[in-house]
Amino acid sequence: MGGALAGYILAFDTSNEVIAIGIGQLDDASKTIGLVAAREVEAHRASNTQLLLQIDALLKQHSIAKDSLSCVVCGRGPGSFTGVRICMATAKGIASAWEVPLYGISTLDSIAWQAWEAGLRGSIAVVADAMRKEVYPANYVIDDNGIRRLGADCVIKAEELATEASADWLAGDGLKKYGGLFASAGPFAPEHLWTPSGRGLLLAAQAAWQDGSVEPFDVVAGNPSFVLPVYTRLSDAEENERIRLSKNDPKNLRTGVQPEKVRRDQRATARDTAIENAQADDEGIVYRPLDAAHAADVAFLEGQVMGSDAWTERQVLDELPSKDRVWWAAYAPEGSPDVGRPSRLVAYAGGWVVDGHLQVLKIGVASDLRRKGVARRLLALLAADARDLGAKEMSLEVRAGNREAQSFYQALGMEALGQRPRYYSDGEDAVIMQGALPLAARDVAGMELQVEGDDPDEIAPGDQADGSHMPATPLILAIETSCDETAAAVIDGGGALLSEVVASQIDFHARFGGVVPEIASRKHVEAICGVTEEGLAVAARRCGVPRIRWRDLDAVAVTYAPGLVGALVVGVAFAKGAAWAAGLPLIGVNHLEGHIYANKIATPDITPPMVVSLVSGGHTMLVHVKEWGAYETLGSTLDDAVGEAFDKVAKVMGLGYPGGPAISKIAVQGDPRAIDFPRAMLHSGDLRFSLSGLKTAVITYIHNEEAAGREVKKTDVAASFQQAVIDVQVAKVETALKQTGAKEFCLGGGVAANPALREAYEALCERLHVRLTLPPLYACTDNAGMIALVALDRFHAQRFFGLDADAHAHANLDDEY
Ligand code: KG4
Ligand code: ZN
């Protein structure tokens, strides 16, 4: 028998405007945490730049070595969405690199605990600011033994809460804004008790240890992937969608969703096998929140599946507008896959989120689609929403005689809790099953995981006779989260990419017609551990070693700009946490520079001077690469990006999102000279672009034709629009090549996937005797391999970022960092 386990625990929270840090000493025998140090600092919206500096300073001040820390605890909200994500992403990075357990603690519980510690007794209402005139309330009863919480997390209008609130004490930063409203609800606790403290976090952790929900020495239970924020709200886009879908309006049927199969066909062929092996749905089934227009279909299927306990259409319709209900449906494509409208409803599931609990009300699958993973996928979607709304567990009733269903739920980790006698109308008993919301260790939030790097046929420098790779130093892991792909890659000193992993969120954004920033940020938090772990695991396999650990690396790299700032923040906070914990240097990479370096994947000997065209959903620019690291932006767009124009035009044409692949696909059958769309800036004499006029011209054309009663030939519109884009792109590239004298031309960004554009460049470069590099499609779109390639150069130049590094929405290529 070994002695008692000991060590330190690190706890922190940045859910509010305060950075709270606590360091405690764990005593395994008594399950108590002794306070070693605590610190609270005003964050002033700078949590990401200050958090690690503060943690580092506090540890040093108390001479605590990083390797004596056995557990990490972080606040999981509710609070500011970004604040919670900074806290959690940093904590995930630290815990992953240290290989210690990570647990999330309610931010509000920690506030109640510090009230306890300050000697307050009786009832206490914590009212945390939720912005938009709303608050996160939580009620507790405090006595000498500790705190007891009443009710789960939720969000409510401050005014509404104020009319009913009454407690012996009030606390929480909501009082700063809405103090007036709560003046008669009870005395206010002293203001320093309104926000989290290090001591409160440690006390909350200690209580969780004693009740068994935190096991500070159990790395399996404390898998950092499992820890997720409490938001209590869906994103605005999802909330608005629910409201829209709950109304029975025929236009709800047009969602712009393309059947999954179609989208997949347009992806890079190199990835197809990986995609097929991932969680992709081979039936081409599409999943969407249930809308009122399909309520009758649900009732019909209910009748077939549930017999006399079937719900009526009215019952289903009544469910949809409630904010605490989550309903999803699955549709099998019928008819032409080009029409962006899935047709047959084949399965549905509905649940009620109440008191931190998802109660599954209904789940039904058409008989011909059973055993194809549809129910599992629907439950995962319910669970994901329920998690965002603050639920941790789920339960459901199943017929006592339905053994098959019971074993299915058992396989998802649920257990039979008891029976409800004669629950069903035919007198059969129900078995109550309950368990944690389903979440796998490498859960990447239901995204398709695309993996490169474990192809045994690909030979790279450093590969040995047995096929394994002998990695050269330095070994760098790079992370990319600037938009809607969570990606990780490992590169070695010889420039060999040992793994490239991408979890694409496209399915979560498609039905909104574009990337929803709040959803993107949430998905990055969910996927970041799984994606980086997979990146390390694939690289290890490639090198023929059992594993590569964070401490085996020589640096951690991350995209810090430009992009969606809330999305970038997740990658930056995670990378900083991991780099700091493993004692590695941090490398910040400009995303645009990554796209330029991606050309090295196709043409390793590509050498400046060269001209690069970056064309994506967010960028349109021509860059003169004078040498690696020395860039001049020759021109960029004055308004829309090229990909954006494709997406907007496709939306108007009802082709779905993303628009680029949809347009280029039907353009093949159209006449590019059919309609003479404007070629803006073609003769401007400079290298700038403008695309909003073209987009408007297409929209006007379609409206005019429709108004005149003429049929719009979509294929011709697509081909003519695409040709107008290409003519300008190619002309400007020709000017740029002549102006710079460069003999290399290459591409980056998602639009580089456009076949007609690629062909046009082939012709141009042949004529100008310039070498053309067209990177493989997977290297054109966002990935971490390109970030790793830049990072390798930065490592050699010893250019590193500090712990105060932050994410930036905007950054030019020419910016010096
Ligand atoms: O680089 P990317 O994956 O993401 C960023 O925008 O950063 O690029 C996505 C963009 C989308 O706007 C999409 O419509 C466009 O690239 N795209 C295309 C094609 N495939 C993707 N545009 C035109 N033709 C295509 N075949
Ligand atoms: Zn990009």
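Whatever comes next refers back to the structure up there.
The next thing to look at is the overall build of the protein. Summing up its helical and strand segments, the protein has 25 helices and 28 strands in all. Relative to its length of 817 residues, the protein is compact, with a C-alpha radius of gyration of 28 Å against a globular reference of 28 Å. Expressed as lengths along the three principal axes of its C-alpha atoms, the size of the protein is roughly 85 × 70 × 60 Å. Taking all 817 residues of the protein together, 58% fall into the buried category. Partitioning the intrachain contacts of the protein with sequence separation of at least 6 by distance along the chain shows that 71% fall at a separation of at least 24. Total accessible area on the protein stands at roughly 31,800 Å², and carbon and sulfur atoms take up 51% of it.

In the region of ligand 1, 18 residues are neighbours, and Gly617, Asp647, Gly660, Gly750 and Asn754 sit closest. One of the backbone nitrogen or oxygen atoms of glycine 617 is found 2.6 Å away from an oxygen atom of ligand 1. For ligand 1, an oxygen atom lies 3.4 Å from a polar atom in the backbone of valine 751. In the complex, the protein chains occlude 87% of the 550 Å² of accessible area that ligand 1 would expose alone. Taken together, the elements giving at least two residues each to the shell around ligand 1 come down to helix H19 (642-652) and helix H20 (659-667). Here the shell around ligand 1 takes four residues from H20, the largest share from any one element. For the shell around ligand 1, the class distribution of residues is five nonpolar, 11 polar and two charged.

Before going further, it helps to spend a moment on the packing of aromatic side chains. For the coordinates displayed, the defined rule picks out 15 aromatic pairs. Measuring from ring centre to ring centre gives 5.3 Å for tryptophan 113 and tryptophan 116, while their planes differ by 75°; the resulting arrangement is edge-to-face. One end of the pair, tryptophan 113, and the other, tryptophan 116, are both in helix H3 (residues 107-117), three residues apart, so they sit about a helical turn from each other. Each member of the pair, tryptophan 113 as well as tryptophan 116, is classed as buried. Look at tryptophan 550 and phenylalanine 574: their rings are 5.9 Å apart centre to centre, the planes differ by 65°, and that puts the pair in the edge-to-face class.

Let us now look at the pattern of salt bridges. Applying the stated criterion to the full structure yields 46 salt bridges. The salt bridge involving glutamate 632 is made with lysine 626; its shortest N-O contact spans 3.4 Å. Given the relative accessible area of 32%, glutamate 632 is considered partly exposed. One salt-bridge network, in which partners are shared between bridges, spans Arg85, Asp388, Glu518 and Arg522.

Summarising the metal site, the zinc ion (ligand 2) is bound by the protein donors His591 (NE2), His595 (NE2) and Asp782 (OD), whose distances to it range over 2.1 to 2.2 Å. Every donor residue of the zinc ion (ligand 2) comes from the same chain, spaced as H-x3-H-x186-D. In this pair, histidine 595 sits in helix H17 (residues 591-597) while aspartate 782 sits in the loop between helix H24 (777-780) and helix H25 (785-796), placing the two residues 187 residues apart along the sequence. For the pair histidine 595 and aspartate 782, one class covers both residues: buried.

With respect to the secondary-structure elements, aspartate 640 resides in the loop between strand S26 (630-636) and H19. Look at aspartate 640 and you get buried, because its relative accessible area is 8%. Side chain to side chain, aspartate 640 and lysine 695 meet in a polar contact 3.0 Å long. Contact partners of aspartate 640, with chain neighbours within four places excluded, come to Thr620, Lys648, Leu691, Ser692 and Lys695.

Here the amide bond leading from alanine 561 into proline 562 is cis, since omega sits at -20°, within 30 degrees of zero. Relative to the helices and strands, proline 562 resides in the loop between strand S22 (555-561) and helix H16 (565-582). Here the amide bond leading from tyrosine 657 into proline 658 is cis, since omega sits at -5°, within 30 degrees of zero. Looking at the secondary structure, you find proline 658 in the loop between H19 and H20. At aspartate 355, a position not held by glycine, the phi torsion is positive, near 55°.

Another aspect to go through is empty space enclosed by the protein. A water-sized probe rolled over the atoms picks out the places where empty space is left. For the coordinates displayed, the defined rule picks out four cavities of 30 Å³ or more. Reported here for the largest cavity is a volume of approximately 130 Å³. Contributing to the lining of the largest cavity are Glu238, Trp328, Leu381, Ala384, Asp385, Asp388, Phe508, Arg511, Phe512, Ile519, Arg522 and Lys523. For the lining of the largest cavity, the secondary structure elements donating two or more residues are helix H12 (374-388) and helix H15 (517-543). Tallying contributions element by element places H12 first for the lining of the largest cavity, with four residues. In the lining of the largest cavity, the residues fall into six nonpolar, no polar and six charged.

What follows is about helix H23 (residues 755-768). In an α-helix, one turn spans 3.6 residues, which is why side chains three or four residues apart end up on the same side. Compared with an ideal rise of 1.5 Å per residue, which puts 14 residues at 20 Å, H23 spans 20 Å between its outermost C-alpha atoms and is within 8% of the ideal. Leu757, Arg758, Tyr761, Leu764, Cys765 and Leu768 are the residues of H23 that are buried. All buried residues of H23 fall inside an arc of 125° around its axis, so they share one side. Exposed residues on H23 whose side chains face more than 90 degrees from its buried face are Glu759, Glu766 and Arg767. Where H23 is buried, its residues touch strand S24 (610-615), helix H22 (714-740), strand S27 (744-748), strand S28 (771-773) and H24. In the segment just after H23, histidine 769 is the residue with positive phi, at about 55°.

Rules and cut-offs
- Residues numbered from 1 in each chain as written.
- Chains lettered and ligands numbered in written order.
- Predicted model: local features only at pLDDT ≥ 70, side-chain atom pairs only at ≥ 80, totals over all residues.
- Heavy atoms only, no water.
- Helix = DSSP H or I, 4+ residues; strand = E, 2+ residues; numbered from the N terminus.
- Rg over C-alpha atoms; globule rule 2.2 N^0.38 Å.
- Buried < 20%, exposed > 50% of the residue type's maximum accessible area, 1.4 Å probe, protein only.
- Contact = heavy atoms within 4.5 Å.
- Areas by Shrake-Rupley, 256 points an atom, 1.4 Å probe, with all protein chains shown as cover.
- Near = heavy atom within 4 Å.
- Polar contact = N/O pair within 3.5 Å; in protein donor to acceptor, adjacent residues only side chain to side chain.
- Nonpolar A, V, L, I, M, F, W, Y, C, P; charged D, E, K, R; others polar.
- Phe/Tyr/Trp six-rings, centres within 6.5 Å; stacked < 30°, edge-to-face > 60°.
- Salt bridge = Lys/Arg side-chain N within 4 Å of Asp/Glu carboxyl O.
- Donors = N, O, S within 2.8 Å, 3.2 Å for Na, K, Ca; no water.
- 1 Å grid on protein atoms, 1.4 Å probe; cavity = no way out; pocket = protein on both sides within 12 Å on 5 of 7 lines; lining within 4 Å.
- Points joined across faces, edges and corners; volume = space filled by probe spheres on them.
- Expected span 1.5 Å × (residues − 1).
- Arc of directions from axis to C-beta.

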